[in-house]
Amino acid sequence: MYTQALDLPDGPQAAPAARAVPSDSALQSHFDAKMERDEKVEPRDWMPDHYRKTLVRQISQHAHSEIVGMLPEGNWISRAPSLKRKAILIAKVQDEGGHGLYLYSAAETLGTSRDQMLHALHTGKAKYSSIFNYPTLTWADVGVIGWLVDGAAIMNQIPLCRCSYGPYARAMVRICKEESFHQRQGYESLLVMMQGTDAQKAMVQDAVNRWWWKCLAMFGPPDADSPNSAQSQRWGIKRISNDDLRQSFIDATVPQAQVLGVTLPDPDLKWNEARQHHDHGPIDWDEFWSTVNGNGPCNKERLATRVAAWEDGAWVRDAALAHARKQQARSLKEAA
Ligand code: 3HC
């Protein structure tokens, strides 16, 4: 339910001219008090421009990541090794499309339009997760994406279920449930491959070697170099910092790798008794920024595919609009 807290009183006792319009500072104080009480902000509530812009930025980037994220795995639907694996993969890729739609809808409640967001993606102005700009070279990549990429995504997204913006938080609850299934199916498919031939085991290890560091970078730059974190944490948009989430992911993943029987490709990865966490080697941030800025191995291909899908779908959007207009005209005629 959207809160009515800031609506002006209506009814006969409050003639429009007599209504008191709250000043900006009163609205800001009301918002600050809400943050203090850790309450949800809803679409009709007053919010500072910067809060709104930060949410549009993060939610739209997140939505773009979901729909671009369909591409690396979609690449394997026609080559899945069995009917069961194909059915699982189709369902997973469809889920990612659904996540994109919930998130675009959540962003629209902030006053932006889907066309604006997609225009920003298609013209290369909008960011999306760096991780989806790498190729899926073998079937093991599909399992490793489920285990590591979706595992990292869940680690980052569970705290977003408590985000201060209601529509985003509620969308994340459903998304996280589905992501959890994605992670398990990836891990299970790797467990099967690791009980197979030497060639299958080597294929899994090779995929882990290629994806591990990219997954660590996925959490975003170190806290000290993250321009948005401090304010987003004050506003309860981000609940846990990039570095802390990265650390939790590493700590959770090391025992899973042992059970699976793969080596994580970091000679510096070891348990630190004093910190009660794993230490790890340096992340290549130059490579990360180069990919974020459009120069990863698949950036151009990913964007070109999204643009082509948009252009190829124009007739469907036109037909849906024409149908809606016809229906509207018909109901107007009937009402006359
Ligand atoms: N890829 C691309 N850009 C990234 C990035 C990444 N992995 N990590 C950070 N950045 C960008 C930020 O967007 C920001 O750019 P901007 O200021 O131009 O918008 C810049 O780097 C600085 O980073 P900050 O840490 O200051 O940015 P944020 O505070 O926004 O934190 C974030 C980055 C942790 C990714 C945060 O935005 C977030 O939690 N987003 C929601 C989750 C999300 O988008 N996940 C993407 C993966 S979705 C997915 O994996 C789908 C699943 O099905 C597999």
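In the block above lies the structure referred to throughout.
Residues numbered from 1 in each chain as written. Predicted model: local features only at pLDDT ≥ 70, side-chain atom pairs only at ≥ 80, totals over all residues. Heavy atoms only, no water.

### Here we look at the state of the cysteines
Here is the rule: When the sulfur atoms of two cysteines come within 2.5 Å, that pair is taken as a disulfide. Buried residues are those whose accessible area, probed at 1.4 Å on protein chains only, stays under 20% of the maximum for their type, while exposed residues exceed 50% and partly exposed ones sit between those limits.
The final tally for this structure, using the stated rule, is zero disulfides. In this structure Cys-215 is not part of a disulfide, and its nearest cysteine sulfur, from Cys-298, lies 15 Å away. On the basis of relative accessibility, which here comes to 0%, the residue Cys-215 falls in the buried class.

### Here we look at the packing of aromatic side chains
Filter applied, for reference: Centres within 6.5 Å make a pair out of two Phe, Tyr or Trp rings, where for Trp the six-membered ring is used; the pair is then stacked when the planes are under 30 degrees apart, edge-to-face when over 60, and tilted otherwise. Strands here are runs of E lasting at least two residues and helices are runs of H or I lasting at least four, both read from the DSSP assignment and numbered beginning at the N terminus. Note on criteria: charge over ring means Lys NZ or Arg CZ within 6 Å of the ring centre, with the direction from the centre no more than 35 degrees off the ring normal.
With the rule as written, the count across this model stands at ten aromatic pairs. Where Trp-212 meets Phe-249, the ring centres are 5.8 Å apart and the plane angle is 25°; that geometry is what we call stacked. Of this pair, Trp-212 sits in helix α8 (residues 198-217) while Phe-249 sits in helix α10 (residues 242-260), and the two are 37 residues apart along the sequence. The buried category is assigned to Phe-249, whose relative accessible area is 3%. We note Arg-79 situated over the ring of Trp-76; from NZ or CZ to the ring centre the distance is 3.9 Å. In this structure, Arg-317 is placed above the aromatic ring of Trp-310, and the distance from its NZ or CZ to the ring centre is 3.4 Å.

### Regarding the packing of helix α2 (residues 49-68) against helix α5 (residues 114-122)
Put simply, the rule is: Each axis is a line fitted through C-alpha atoms, and for a helix only the stretch in contact is used; angles between axes span 0 to 180 degrees, taken between their N-to-C directions. Crossings are assigned a handedness: left-handed for a near helix turned anticlockwise from the far helix by less than a right angle, right-handed for a clockwise turn. Between two residues, a contact is recorded if the distance between any of their heavy atoms is within 4.5 Å. Each residue gets one label: Ala, Val, Leu, Ile, Met, Phe, Trp, Tyr, Cys and Pro are nonpolar, Asp, Glu, Lys and Arg are charged, and the others, such as Gly, are polar.
Running from N to C, α2 and α5 cross one another at 65°; their axes reach a closest spacing of 11 Å. As α2 packs across α5, the resulting crossing turns out to be right-handed. Judged by residue contacts, Ser-60, His-64, Ile-67 and Val-68 of α2 engage Met-117, Leu-118 and Leu-121 from α5. Within the contact of α2 with α5, the residues separate by chemical class into five nonpolar, two polar and no charged.

### Observations regarding the site of the ligand
Using the following cut-off: Nearness of a residue to a molecule or strand requires only that one of the residue's heavy atoms be within 4 Å of it. N or O atoms closer than or at 3.5 Å make up a polar contact, with two conditions inside protein: a donor-capable atom paired with an acceptor-capable one, and, for residues adjacent in sequence, both atoms drawn from side chains. Working definition of accessibility: Shrake-Rupley area with a 1.4 Å probe, residue cover restricted to the visible protein chains.
Taken together, the neighbourhood of the ligand is formed by 31 residues, with Gln-61, Glu-96, Lys-127, Glu-179 and Lys-238 sitting nearest. One nitrogen or oxygen atom from the side chain of Glu-96 is found 2.4 Å from an oxygen atom belonging to the ligand. Protein contact buries 91% of the 1000 Å² of open area that the ligand shows by itself. Of the residues forming the shell around the ligand, the biggest block, six residues, is contributed by α2.

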